[in-house]
Amino acid sequence: MIMEPYKVSQKMYVVFVGGYVATLLSLYGLRLVTAGDGPWWLAFASVWEAWWYAPLPLLLVGGMVWRPSKYVVLVLLVPCLLWGEAFGGLFWPRSGGEGELSVGVLSFNVRYSGYDPAVIAAIIEEAGADIVGIQELTTELDAYLATELASIYPYQLTTPAVTGPWGSGVFSRYPLTLVSDEGDAYGFLHTQIVSFTYPVGDGEEEVYFFNVHTTPPQLLIETSPLLPVGVPRGYGAWPRHEQIREVRAQLDEISEPVILVCDCNMTPASYDYDYLTANLSDAFAEAGWGWGHTFHFEGGNGWLAGIPLIRIDYIFYSEHWGAYEARVLPRGSSDHRALYAQLGFEGEGKER
């Protein structure tokens, strides 16, 4: 007996729904029972967690087209609930506010090659932040911004690189004091720590500002003349793990208000994110709306070019603050989008 095409496609739909839900449950289950980020393939898959749900809208529409049994519809509730737990809060309406101390903060990885200085300067100027942390700052761009933004940001502490991605800089409306400015043994991490004071009531608060850039993870590809494409054989982020712990150790020494901006080269699904947010809050998670993806593909003019892929740029803050606004700025000249947040001072904070 030959089944009708409609019945065949309906059964295929049911099989796909079952496989999709089983895969999601397996991935989340493995993340619960494995230490850290788990095996390399799970860590790599978790980078793309937001994209795990790309098939879900099509499956929901397919349910209306193929009209499977009610049990299949109930099964589809599982990925809906998982999405709501993982990302639903980012799409919930946010309410604004204002604290006694209000500071506009910008984090921007400007990309050390192929940038347009005028576009970079325009993005920074239009954001209107009070203090800006720049990653991948070159000597050429530093010289341009020093002049172009001097009237807006008279206080600048920069350590640019002639070439390569490890230059950094802080541009500020407030007078800055350099606390620390150093790289690490891997030649990639650059951590700038500066402080500034701001009047609060009858006194002043000293604020510590961290500008951090960590080493990106590496996906190892094995090639062979017998294979048409390379095969992944490993994925490692061990330099970043050590760098995040180094930053956390520095944070633990500070009881004053802290703001940390970074291209952290990690997603919210990573263990490093959990480790860092044990002491700090994520401005976009608290006050942003939408996916908040800041890194996009820069592979020419293909269909992927310019599509925001993952969220790896952050503005974190200590318990002294509240985030009242956070947004990803439009694309411009870099493979990262700038991230802006408005923070309000809320009090003395808690004991660490």
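Whatever comes next refers back to the structure up there.
The structure displayed is predicted, hence computed values, not measured ones. (Residues numbered from 1 in each chain as written. Predicted model: local features only at pLDDT ≥ 70, side-chain atom pairs only at ≥ 80, totals over all residues. Heavy atoms only, no water.)

## Some remarks on the packing of helix 1 (residues 5-33) against helix 4 (residues 70-87)
In contact at an axis separation of 10 Å, helix 1 and helix 4 are set at 35° when each is read in the N-to-C sense. By crossing handedness, the relation of helix 1 to helix 4 is classed as left-handed. Between helix 1 and helix 4, the contacting residues are Tyr13, Val14, Val17, Tyr20, Val21, Leu24, Leu25 and Tyr28 on the first element and Val72, Val75, Leu76, Val78, Pro79, Leu82 and Ala86 on the second. Across the contact of helix 1 with helix 4, the residue classes tally to 15 nonpolar, no polar and no charged. (Axes fitted to C-alpha atoms, helices over the stretch in contact; angles between N-to-C directions. Helix = DSSP H or I, 4+ residues; strand = E, 2+ residues; numbered from the N terminus. Left-handed = near helix turned anticlockwise from the far one by under 90°. Contact = heavy atoms within 4.5 Å. Nonpolar A, V, L, I, M, F, W, Y, C, P; charged D, E, K, R; others polar.)

## Thoughts on the nonpolar core
In this structure, Val105, Phe209, Ile259 and Leu343 are the most contacted members of the largest nonpolar core, which totals 43 residues. Per element, the largest residue contribution to this core is seven residues, and it comes from helix 1. In contact with Phe209, not counting residues within four places along its chain, are Val105, Ile131, Val132, Gly133, Val170, Gln192, Ile193, Val194, Phe196, Ile259 and Val261. Membership of the second largest hydrophobic core comes to 22 residues, among which are Leu106, Ala129, Leu141 and Tyr153. (Core = buried A, V, L, I, M, F, W, Y, C linked by side-chain atoms within 4.5 Å. Buried < 20%, exposed > 50% of the residue type's maximum accessible area, 1.4 Å probe, protein only.)

## A short note on a nonpolar patch on the surface
Among the surface-exposed residues, Leu30, Leu32, Val33, Trp40, Trp41, Leu219 and Ile221 lie close enough to one another that they form a single nonpolar patch of about 690 Å² accessible area. If you tally residues by element for the nonpolar patch, the top one is helix 1, at three residues. Overall, Leu32 belongs to the exposed group, its relative accessible area being 75%. (Patch = residues over 30% accessible without salt bridge, like charges linked within 9 Å, V, L, I, M, F, W, Y side chains within 5 Å. Areas by Shrake-Rupley, 256 points an atom, 1.4 Å probe, with all protein chains shown as cover. Salt bridge = Lys/Arg side-chain N within 4 Å of Asp/Glu carboxyl O.)

## Remarks on the pattern of salt bridges
Pairing between side chains of opposite charge can happen when their charged atoms approach one another. Tallied over the full model, the rule gives eight salt bridges. One salt bridge in this structure joins Arg31 and Glu49, with 3.6 Å as the shortest N-O distance. With Arg31 in helix 1 and Glu49 in the loop between helix 2 (40-47) and helix 3 (55-66), this residue pair connects regions lying 18 residues apart in the sequence. Given a relative accessible area of 24%, Arg31 falls into the partly exposed group. Through salt bridges with shared partners, one network takes in Asp37, Arg240, Arg245 and Asp272.

## As for the sheet that holds strand 5 (residues 177-183)
If you walk across this open sheet you meet the six strands as 5-6-7-10-14-11, and the pairing is mixed. Of all strands in the sheet, those with a lone pairing partner are strand 5 and strand 11 (281-282), marking the two edges. As defined by bridge partners, strand 6 (residues 190-200) adjoins strand 7 (residues 203-213) across 11 bridges and the pair is classed as antiparallel. Bridge pairing in strand 7 links Ile193 to Phe210. The strands that helix 7 (residues 238-252) touches are strand 5, strand 6, strand 7 and strand 10 (258-263); relative to strand 7, the one it contacts most, it runs at about 170°. (Pairing = 2+ DSSP bridges.)

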